[in-house]
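# Geometric and topological summary
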Amino acid sequence: VKEVSKDGLIFFTQKGTRKVAEIYNNPSATFVFWFELWQREVIFEGRSKPLTSEENNKHWQEYPREAQVRFYSYAPTSSQPIKSKERLESLRADIRNQYKDKELPMSEHYSGFRLIPERLIFYAYQMDVLSDVMEYTSKEHSWTQQLLSP
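Let us look at the structure shown here. (Residues numbered from 1 in each chain as written. Predicted model: local features only at pLDDT ≥ 70, side-chain atom pairs only at ≥ 80, totals over all residues. Heavy atoms only, no water.)

## Considering the overall build of the protein chain
Helix and strand counts for the protein chain come out as four helices and seven strands. When the elements of the protein chain are put in sequence order from the N terminus, they spell out β-β-α-β-β-α-α-α-β-β-β. Taken over the C-alpha trace, the protein chain has a radius of gyration of 19 Å; the compact-globule value for 150 residues is 15 Å, which it surpasses by more than 25%. With the principal axes as the frame, the protein chain shows a C-alpha extent of 60 × 35 × 30 Å. Going through the 150 residues of the protein chain one by one, you find that 33% of them count as buried. The long-range fraction of contacts in the protein chain, counting pairs at least 24 apart against all pairs at least 6 apart in sequence, stands at 57%. Accessible area of the protein chain: about 10300 Å², with a carbon and sulfur share of 52%. Distance between charge centres in the protein chain, computed from 21 positive and 21 negative side chains, equals 6 Å. (Helix = DSSP H or I, 4+ residues; strand = E, 2+ residues; numbered from the N terminus. Rg over C-alpha atoms; globule rule 2.2 N^0.38 Å. Buried < 20%, exposed > 50% of the residue type's maximum accessible area, 1.4 Å probe, protein only. Contact = heavy atoms within 4.5 Å. Areas by Shrake-Rupley, 256 points an atom, 1.4 Å probe, with all protein chains shown as cover. Lys, Arg positive; Asp, Glu negative; His and termini not counted. Charge placed at Lys NZ, Arg CZ, Asp CG, Glu CD.)

Given below as structure tokens:
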């Protein structure tokens, strides 16, 4: 997750991966965040929507240069079998040299999405008493809250 705002959670991935194909096939998604230190969990459920090319480009420009170089080196083969990591490292070195004094254009594989939450669940785990579970559901631009049994 790169950004959280009132409009949703923005995340990025690589085009051509199974994840992207599944998002386009079924935009329903869930993000689960576990906070070990506080024994808390937050679940976001909602629909994923592709970012516009302008939004993708804006975030690409904010991406640190070395992260852009890294993305260029692995994105075309993301989630595919490779013979060795050394090939990707060599490609990364080539990209560094090729764009040494130039800006890297946004990769054709760079793909951002916004998860628009429809349901939030907050768990406060307790070992000695019952855990607290609160659910928030979005309906017609407002949120309802209810306590759930753990």
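Moving on from the coordinates now.
## Some words on the pairing of strand 3 (residues 28-35)
One face of the sheet, then the other: side chains in a regular strand alternate in exactly this way. Where strand 3 and strand 4 (residues 40-50) come together, eight bridges link them in antiparallel fashion. Counted as the bridge partner of Ala 29 is Gly 46 from strand 4. Once strand 3 ends, the chain turns through four residues before running back antiparallel as strand 4, passing Gln 39 with a positive phi of about 55 degrees. (Pairing = 2+ DSSP bridges.)

## Concerning the pairing of strand 5 (residues 110-124)
Here strand 2 (residues 8-14) pairs with strand 5 via six bridges, running antiparallel. Bridge pairing in strand 5 places Leu 9 opposite Leu 115. Direction of pairing for strand 4 relative to strand 5: antiparallel, over a ladder of 11 bridges. Among the inter-strand pairings, Phe 44 is bridged to a residue of strand 5, identified as Leu 120. Relative to strand 6 (residues 132-139), strand 5 is paired through six bridges, and the arrangement is antiparallel. Bridge pairing in strand 6 links Ile 121 to Glu 135.

## Looking at the environment of Asn 26
Relative to the helices and strands, Asn 26 resides in the loop between helix 1 (18-25) and strand 3. It is 20 Å that separates the C-alpha atoms of Asn 26 and Asp 7, two residues lying 19 residues apart in sequence.

## Some remarks on the packing of aromatic side chains
Evaluated as defined, the whole model comprises 18 aromatic pairs. Pairing Trp 60 with Tyr 63 gives two aromatic rings, centres 5.8 Å apart and planes at 40 degrees, and the pair type is tilted. Residue Trp 60 is classed as buried on the basis of its relative accessible area of 0%. Under the relative-accessibility criterion, Tyr 63 is labelled partly exposed at 21%. Here the aromatic rings of Phe 71 and Tyr 110 are separated by 5.4 Å at their centres, their planes lie at 85 degrees, and the arrangement is edge-to-face. Taken together, the residues Phe 71 in helix 3 (residues 65-74) and Tyr 110 in strand 5 connect sequence positions 39 residues apart. A residue is classified by how much of its surface remains accessible, and Phe 71, at 3% relative accessible area, is buried. (Phe/Tyr/Trp six-rings, centres within 6.5 Å; stacked < 30°, edge-to-face > 60°.)

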